[in-house]
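An overview of the molecular structure
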Amino acid sequence: MKITVVGTGYVGLVSGTCLAEVGNDVLCLDVDPEKIRILEEGGIPIYEPGLQDMVRRNVAAGRLRFTTDIERAVHHGTIQFIAVGTPPDEDGSADLQYVLAAAHNIGRLMTDYKVVVDKSTVPVGTGAKVKAAVADELAKRAVNIPYSVVSNPEFLKEGAAVEDFMRPDRIVVGAEEEQAIHLMRALYAPFQRNHERLIITDVKSAELTKYAANAMLATRISFMNELANLAEVLGADIEMVRQGIGSDPRIGYHFLYPGCGYGGSCFPKDVKALIKTAQDDAGIELKVLQAVEDANDLQKHVLTKKLQKRFGDLQGKHFALWGLSFKPNTDDMRDAPSRELIADLFAAGATVTAYDPVAMEETRRIFGDEPRLHYATSPMAALEAADALLIVTEWKEFRSPDFAAIKAALKSPLIVDGRNLYDPKFVRSAGIEYLAIGR
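Presented here is a report on the structure given in the accompanying data block. (Residues numbered from 1 in each chain as written. Predicted model: local features only at pLDDT ≥ 70, side-chain atom pairs only at ≥ 80, totals over all residues. Heavy atoms only, no water.)

Comments concerning the packing of aromatic side chains
The tally for this structure, following the rule as stated, stands at 12 aromatic pairs. An angle of 80° between the planes, with centres 5.9 Å apart, marks the rings of Tyr262 and Phe267 as edge-to-face. Comparing Tyr262 with Phe267 shows no difference in burial state: the two are buried. Feature note: the residues Phe403, Tyr422, Phe426 and Tyr434 constitute an aromatic cluster, connected by ring pairs. Here Arg170 stacks its cationic end above the ring of Phe155, 3.7 Å away from the centre of that ring. Its end group placed over the ring of Tyr375, Arg364 keeps NZ or CZ at 4.3 Å from the ring centre. (Phe/Tyr/Trp six-rings, centres within 6.5 Å; stacked < 30°, edge-to-face > 60°. Buried < 20%, exposed > 50% of the residue type's maximum accessible area, 1.4 Å probe, protein only. Lys NZ or Arg CZ within 6 Å of the ring centre and 35° of its normal.)

Next comes the structure, spelled out in structure tokens:
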């Protein structure tokens, strides 16, 4: 099938590459010539395990190409995926200007039947706006060309996106026209060989499904974080509580790990957007989700509070920080808890030496030439002259460190662990003070 993907960001590049991997003829469009240059030279503008090799393989096979030519892109694909950014406006609502601009371009230039697919995470009702944008352009041209609008939200985890696309849990398609449903079934047939994963809904239900999924996961995280804070005060161990409730099949073990808050490109943005959609479009206050957001905002400062309780004044203190990205296996720093922690430490008069396997370049871009922030070439190098080790991201390479070497390197043997990586008894038996979340 001939497919156009508008946008070569995280969702667009992964989707386009995986669709090419199963034999489709994919053309990816981006208005940023620098992104296209990087892709044509064999690089990728994001970090995602396994993606670069797949991009190169499909480019070499001629199934995956890149362009900045909008007209070429519209003419290429029968299926036109819109996978552009929907950044939050100042009020928390999703900014649809890039989605609607893509729709207007399709309507302005299309010459035959198109299936216009919203792959971006968009508020309920966006499908109707996309349909109207295409219709508006066709009316200006005084032509009557058939088209369909489909909602096909992505459910990709950063760090495991290629695997998630190639072996999906479910494929949600919101569509009303039979021809569009038929084409989407054919498109996704290679991804569901052993059993049916396709869920056909109306467009609005598909749009809400994406927000609901992320909101539910964010809710579990904030709930566990609040329980962990309570357990800490009461003298209970949240890890034992997690095992106790996770063994109930109605609850399960997923997303029950407490920590120093969630971040990334999805949860914070989507929770805000769903709250805003409910307020503006339905006149409903989503009290549970507002509490989820409020709890998460507070949780991002929990490590700072632990340090202030332990040291008092942090003026002149120097801390080692392991992990910068909001989660492992990505360089994504959007709404990362590390950013709040670093800002807190600077405000308190402290300095930081950080190490992250892949996110240090992105951190430099965010913080610029900040003299209070230094970068280490290895986890152990970050510990030099540090008053404590702070852990914010659960990278695998942090899981089994040399605790004797950590104790020797730190000015005071203290680990403040925002991800509960270690057994408290084991760390303390090595002569290191250990402050974790709810333990």
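Looking at the side chain of Ser151
Its location among the elements puts Ser151 in strand β6 (residues 147-151). Overall, the relative accessible area of 2% leaves Ser151 in the buried class. Residue contacts for Ser151: discarding those within four places in its chain leaves Asp118, Val172, Val173, Gly174, Val203, Ala206 and Glu207. (Helix = DSSP H or I, 4+ residues; strand = E, 2+ residues; numbered from the N terminus. Contact = heavy atoms within 4.5 Å.)

Quick word on the packing of helix α9 (residues 203-234) against helix α10 (residues 238-246)
At a closest axis distance of 9 Å, the pairing of α9 and α10 adopts a crossing angle of 135°. With respect to α10, the element α9 is oriented oblique. The element α9 and its partner α10 pack so that their crossing is right-handed. Touching Met224, Leu227, Ala228 and Ala231 of α9 are Ile238, Arg242 and Ile245, all from α10. Grouping the constituent residues of the contact of α9 with α10 by class yields six nonpolar, no polar and one charged. (Axes fitted to C-alpha atoms, helices over the stretch in contact; angles between N-to-C directions. Parallel < 35°, antiparallel > 145°, perpendicular 65-115°, else oblique. Left-handed = near helix turned anticlockwise from the far one by under 90°. Nonpolar A, V, L, I, M, F, W, Y, C, P; charged D, E, K, R; others polar.)

What about the packing of α9 against helix α12 (residues 287-299)?
The geometry of a pair of packed helices is captured by two quantities: the angle between their axes and the separation between those axes. With their axes 9 Å apart at the nearest point, α9 and α12 run at an angle of 55° to one another. Taken together, the axis directions place α9 and α12 in an arrangement best described as oblique. Here the hand of the crossing between α9 and α12 comes out left-handed. When α9 is examined against α12, the residues Ala215, Ala218, Thr219, Ser222, Asn225, Glu226 and Asn229 are found in contact with a partner set consisting of Val288, Leu289, Val292, Ala295, Asn296 and Gln299. Residues that form the contact of α9 with α12 fall into these classes: six nonpolar, six polar and one charged.

Some thoughts on the side chain of Asp270
Here Asp270 lies in helix α11 (residues 267-282). Asp270 sits in the buried class, given a relative accessible area of 2%.

Brief notes about unusual backbone geometry
Non-glycine residue Asp335 carries a positive phi angle of around 55°. Inspection of the secondary structure puts Asp335 in the loop between β9 (318-322) and α14 (337-347). The phi dihedral of Asn420 is positive, around 50°, even though this residue is not glycine. Position of Asn420 among the secondary structure elements: in the loop between β13 (414-417) and α17 (424-429). By relative accessible area, which is 16% here, Asn420 ends up buried.

Some points on the state of the cysteines
Here, the word disulfide means a covalent bond between the sulfur atoms of two cysteines. Going through the model one piece at a time under the given rule, you end up with zero disulfides. Free of any disulfide, Cys266 has its nearest neighbouring cysteine sulfur in Cys18, separated by 16 Å. (Disulfide = S-S within 2.5 Å.)

As for the pairing of β9
Among the five residues of β9, five are classified as buried, and the element is accordingly described as predominantly covered. Of the two faces of β9, the one lined by His318, Ala320 and Trp322 and the one lined by Phe319 and Leu321 are each fully buried. In this sheet, strand β10 (residues 351-355) lies alongside β9 in parallel orientation, the contact comprising five bridges. Pairing of Ala320 across the sheet is with Thr353, part of β10. In the classification by handedness, the crossover that spans β9, the intervening α14 and the parallel β10 is right-handed. (Pairing = 2+ DSSP bridges. Right-handed = clockwise from strand over helix to strand, strands pointing away.)

So, the sheet that holds strand β12 (residues 388-391)
The strand order across the open sheet built from six strands is β11-β10-β9-β12-β13-β14, with neighbouring strands paired in parallel fashion. The open sheet is flanked by β11 (373-375) and β14 (433-435), the only strands paired with a single partner. Recorded for the sheet is a direction-independent mean angle of 20° between the axes of neighbouring strands. Bridge count between β9 and β12: four bridges; the pairing is parallel. For Leu321, the partnering residue across the bridge sits in β12 and is Leu390.

Points about helix α1 (residues 10-21)
An α-helical turn contains 3.6 residues, so any two residues separated by three or four positions project in the same direction. Taking 1.5 Å of rise per residue, 12 residues should cover 16 Å, and α1 covers 17 Å from first to last C-alpha, within 8% of that figure. Judged by how many residues are buried, α1 sits mostly within the fold: 11 of 12 residues are covered. Considered for burial, the residues of α1 that qualify are Tyr10, Val11, Gly12, Leu13, Val14, Ser15, Gly16, Thr17, Cys18, Leu19 and Ala20. In the segment just after α1, Gly23 is the residue with positive phi, at about 110°. (Expected span 1.5 Å × (residues − 1).)

With respect to the environment of Pro371
Mapped onto the elements of the fold, Pro371 is located in the loop between α15 (360-367) and β11. The exposed category is assigned to Pro371, whose relative accessible area is 62%. Each C-alpha atom, one on Pro371 and one on Thr351, is 8.6 Å from the other, the two residues being 20 residues apart in sequence.

What about the pairing of strand β2 (residues 25-29)?
By the criterion of burial, β2 is predominantly enclosed, with four of the five residues buried. Running through α1, the crossover from strand β1 (residues 2-6) to the neighbouring parallel element β2 is right-handed. Direction of pairing for β2 relative to strand β3 (residues 64-67): parallel, over a ladder of four bridges. Following the sheet pairing, Leu29 is matched in β3 by Thr67.

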